[in-house]
Amino acid sequence: MPVLMRARRRDEEHRTATPLELFFDLCFVVAVAAAGRQLAHALAEGHPGHGVLGYLMLFFAVWWAWMNFSWFASAYDTDDPLYRVVTLVQMAGVLVLAAGVPRAFADSDFTVIWFGYVVMRLAMVAQWLRAALACRGAERRTALRYALGVTVCQIGWLGLLAVPRGDVPWVFVVVGPMELAVPALAERERGTSWHPRHIAERYGLFTLIVLGETIAAATLAVQSALDEHAGLGTLLPVAGGGLLLVFAAYWIYFAAPVHRHLRSNRQAFLWGYGHYLVFGSAAAVGAGIEVAVEEASGAAHLSAFAAAACVTVPAALFMATVWLIHSRHQKHGPAQQLVLPVCSLLVLACTFAGHWAVPAAGLVACGAVAAGVSLTSRQETALVE
């Protein structure tokens, strides 16, 4: 007999991510990697408009599927056999989605992705209905609204199969906001009991996964260029600068705990939704480094300036977004508050350095870390004195 899916307490002690949640996240590595590869290929071939638009749509699909599960699990994870089986079904849907990424990117054919989403969303609806069966009153209505909202939105995604392929972006313009509205509408009467520390940990772990995929993509790009007999002296500045960017991104994101900021649904939703740009830009840095490596080895069909922008633009976006939704809540005084916004502009300015743009951006990012550490240390010393 499956246990009743009772809501977990928001103040539950020692709440951490489960092995099943970590396994779930690892399946998303495949989808993130597939989207990143397609973006890198499109940029290297000189098709930035098609590449960026396709990437934004596909990454939205990946990110939103992860969001749906993570917030539900924070509130209702029972980790019993039935819960595990349904979660494994969702993971199978993620892998189907990942398999459809190349076809969607190249031909705007979302058939496979839509089918993968059906698998994930039916499992998600089943989870919400199971939660509704175990509760009463406002909490039950919240669960039923979620189940209804997810179902209606999945029907809306049928537009991906019905409209001409050139009109696919309009389906995202219409159905995407509907998806984003479901949590606010479902929880307007009573919020779910998501756990602030657990949610912060889950987002941090996914950030690590995305940064890890960025390093893997860059490493494979360098390896491929070396196999094509590219000069090591040409590749080292790009590889070294890219590594500095990723290391700095890790430090910047995890500089201070954020769970104390997540005190209400409004704060948590804005923070959670903003991570679309955090995750998306972090993964795009890896694609950009691939492009920069290809340009340095003479295999890309774009200028040094354009290749540099493929790295500096997402890197600057990552720094600015992390500051806006995440870091600024732990900063004190104008000096600390200005570090990341100013450094994001400096990273953008590095675009004009051409072939030296990536190492220059890496040094700027490390400078941001050093400045932040120094200012924090001074503040702590002043408080002690």
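In this text, all values refer to a predicted model and were calculated from it rather than measured experimentally.

Rules behind the numbers
Residues numbered from 1 in each chain as written. Predicted model: local features only at pLDDT ≥ 70, side-chain atom pairs only at ≥ 80, totals over all residues. Heavy atoms only, no water. Helix = DSSP H or I, 4+ residues; strand = E, 2+ residues; numbered from the N terminus. Rg over C-alpha atoms; globule rule 2.2 N^0.38 Å. Buried < 20%, exposed > 50% of the residue type's maximum accessible area, 1.4 Å probe, protein only. Contact = heavy atoms within 4.5 Å. Areas by Shrake-Rupley, 256 points an atom, 1.4 Å probe, with all protein chains shown as cover. Lys, Arg positive; Asp, Glu negative; His and termini not counted. Charge placed at Lys NZ, Arg CZ, Asp CG, Glu CD. 1 Å grid on protein atoms, 1.4 Å probe; cavity = no way out; pocket = protein on both sides within 12 Å on 5 of 7 lines; lining within 4 Å. Points joined across faces, edges and corners; volume = space filled by probe spheres on them. Nonpolar A, V, L, I, M, F, W, Y, C, P; charged D, E, K, R; others polar. Patch = residues over 30% accessible without salt bridge, like charges linked within 9 Å, V, L, I, M, F, W, Y side chains within 5 Å. Salt bridge = Lys/Arg side-chain N within 4 Å of Asp/Glu carboxyl O. Expected span 1.5 Å × (residues − 1). Arc of directions from axis to C-beta. Axes fitted to C-alpha atoms, helices over the stretch in contact; angles between N-to-C directions. Parallel < 35°, antiparallel > 145°, perpendicular 65-115°, else oblique. Core = buried A, V, L, I, M, F, W, Y, C linked by side-chain atoms within 4.5 Å. Disulfide = S-S within 2.5 Å. Left-handed = near helix turned anticlockwise from the far one by under 90°.

Student: Please set out the overall build of the protein chain residue by residue, giving values where relevant.
Tutor: Broken down by element type, the protein chain carries 13 helices and 0 strands. The N-to-C order of helical and strand elements in the protein chain reads α-α-α-α-α-α-α-α-α-α-α-α-α. Its C-alpha radius of gyration of 22 Å places the protein chain within 12% of the 21 Å reference for a compact globule of 385 residues. Taking all 385 residues of the protein chain together, the buried fraction comes to 53%. Of the contacts made within the protein chain by residues no fewer than 6 positions apart, 81% connect residues no fewer than 24 positions apart. Approximately 17000 Å² of the protein chain is accessible, and the part contributed by carbon and sulfur atoms is 68%. Averaging the coordinates of the 25 positive side-chain charges in the protein chain and doing the same for the 25 negative ones gives two points 13 Å apart.

Student: I'd love a proper account of empty space enclosed by the protein, names of residues and values included.
Tutor: Tallied over the entire structure, the rule returns 5 cavities of 30 Å³ or more. Of the pockets and cavities examined, the largest cavity occupies roughly 240 Å³. Forming the walls of the largest cavity are 20 residues, and the residues nearest its centre are Met67, Asn68, Trp71, Tyr146 and Pro183. For the lining of the largest cavity, the elements supplying multiple residues, two or more each, are α2 (48-76), α4 (111-133), α5 (137-156), α7 (168-186) and α10 (265-296). For the lining of the largest cavity, the element with the highest residue contribution is α2, accounting for 5 residues. Volume-wise, the second largest cavity comes out at about 100 Å³. Lining the second largest cavity are 13 residues, with Leu245, Ala249, Val285, Ala315 and Phe318 sitting closest to its centre. At the level of elements, α8 (196-227), α9 (232-253), α10 and α11 (304-325) are the ones that each hand at least two residues to the lining of the second largest cavity. Per element, the largest residue contribution to the lining of the second largest cavity is 5 residues, and it comes from α9. Considering only residue class, the lining of the second largest cavity consists of 12 nonpolar, 1 polar and no charged.

Student: Let's hear about a nonpolar patch on the surface: which residues, and what values?
Tutor: A cluster of nonpolar side chains, Leu148, Val152, Trp170, Val173, Val174 and Met178, forms an exposed patch at the surface whose accessible area comes to about 590 Å². When contributions to the nonpolar patch are tallied by element, the ones reaching two or more residues are α5 and α7. The element best represented in the nonpolar patch is α7, accounting for 4 residues. Among the structural elements, Met178 can be located in helix α7.

Student: Outline α9, supporting the account with residue identities and numerical values.
Tutor: With 22 residues, α9 extends 31 Å between its outermost C-alpha atoms, agreeing within 8% with the 32 Å of an ideal straight helix rising 1.5 Å per residue. For α9, the complete set of buried residues consists of Leu235, Pro237, Val238, Gly241, Gly242, Leu245, Val246, Ala248, Ala249, Ile252 and Tyr253. Projected down its long axis, α9 carries its buried residues within an arc of 165°, all on one side. Of the residues in α9, the exposed ones pointing more than 90 degrees away from the buried face are Gly233 and Leu236.

Student: Just give me the short version of the packing of helix α1 (residues 19-44) against helix α3 (residues 81-107), but keep the residues and values in it.
Tutor: At their nearest, the axes of α1 and α3 sit 9 Å apart, and the two run at 5° to each other. Classified by the interaxial angle, the pair formed by α1 and α3 is roughly parallel. Considered class by class, the residues forming the contact of α1 with α3 number 21 nonpolar, 3 polar and 1 charged.

Student: Describe the nonpolar core, listing the residues and the values that go with them.
Tutor: Grouped together as the largest cluster of nonpolar side chains are 122 residues, with contacts concentrated most on Leu97, Phe110, Trp157 and Tyr203. Here this core gets 18 residues from one element, more than from any other, and that element is α2. Residues contacting Trp157, with those up to four places away along its chain left out, are Phe60, Trp114, Tyr117, Arg121, Val171, Phe172, Val175, Gly176 and Glu179.

Student: So what's going on with the state of the cysteines? Residues and values would help.
Tutor: Under the defined criterion, the tally for this structure stands at 0 disulfides. Counting only cysteine sulfurs, Cys343 is the nearest neighbor of Cys366, a cysteine outside any disulfide, at a range of 11 Å. Looking at Cys366, the relative accessible area reads 29%, which means it is partly exposed.

Student: Talk me through the packing of α1 against α10; I want residue IDs and the actual numbers.
Tutor: Where α1 meets α10, the closest approach of the two axes is 8 Å, and the angle between their N-to-C directions is 40°. In terms of orientation, α1 lies oblique with respect to α10. The way α1 lies across α10 gives a crossing that is right-handed. Across the interface between the two elements, Val32, Gly36, Leu39, Ala40, Leu43 and Ala44 from α1 touch Ala283, Ala284, Ala287, Glu290, Val291 and Glu294 from α10. Counted by class, the contact of α1 with α10 contains 9 nonpolar, 1 polar and 2 charged residues.

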